[in-house]
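Next come the chains, spelled out residue by residue.
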Amino acid sequence: MSNDEIPIRIAHIKEKLEVLRGGDPSAYALGPCWTDAELAVLEDKLKGPIEKNYRAMLRHIGDGGAGFSCDCKGCRGLRPLREVTKRLSKVRSFKLDKG
């Protein structure tokens, strides 16, 4: 997808979410959008850029939330990337032994 198409796709996704919500803002709720500064910090931690379409979704639509649901207690759809990235600081590097 070209960079010119991304704003059109973002607008389309937002329209679809509004239809799904049917006037209930709590339905299909998403986590807060990421700022450019937050995304830059994340990309630094990841040592590389986030794919441009996913970056646009995080920046302009939201993070996690609306999506499939499961039967587990407290499940609210997709896990927010913010929650997952908190664990990055706990990950330690290690060497694999040849064997």
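To keep things clear, this report deals only with the structure shown in the data block. These numbers come from a predicted model, not from an experiment. (Residues numbered from 1 in each chain as written. Predicted model: local features only at pLDDT ≥ 70, side-chain atom pairs only at ≥ 80, totals over all residues. Heavy atoms only, no water.)

**Some details on the pattern of salt bridges**
Should the charged atoms of two oppositely charged side chains come close, the side chains can pair. With the rule as written, the count across this model stands at 3 salt bridges. A salt bridge links Asp 36 to Arg 59; the shortest N-O distance between them is 3.2 Å. Residue Asp 36 is located in helix 2 (residues 36–46), and its partner Arg 59 is located in helix 3 (residues 52–60); the two are separated by 23 residues in the primary sequence. Under the relative-accessibility criterion, Arg 59 is labelled partly exposed at 28%. Close ionic contact of Glu 43 with Arg 55 constitutes a salt bridge, the shortest N to O distance being 3.0 Å. With Glu 43 in helix 2 and Arg 55 in helix 3, this residue pair connects regions lying 12 residues apart in the sequence. Owing to a relative accessible area of 16%, Glu 43 belongs among the buried residues under this scheme. If you follow the salt bridges from partner to partner, you end up with Asp 36, Glu 43, Arg 55 and Arg 59 in one network. (Salt bridge = Lys/Arg side-chain N within 4 Å of Asp/Glu carboxyl O. Helix = DSSP H or I, 4+ residues; strand = E, 2+ residues; numbered from the N terminus. Buried < 20%, exposed > 50% of the residue type's maximum accessible area, 1.4 Å probe, protein only.)

Purely geometric numbers; function is a separate question.
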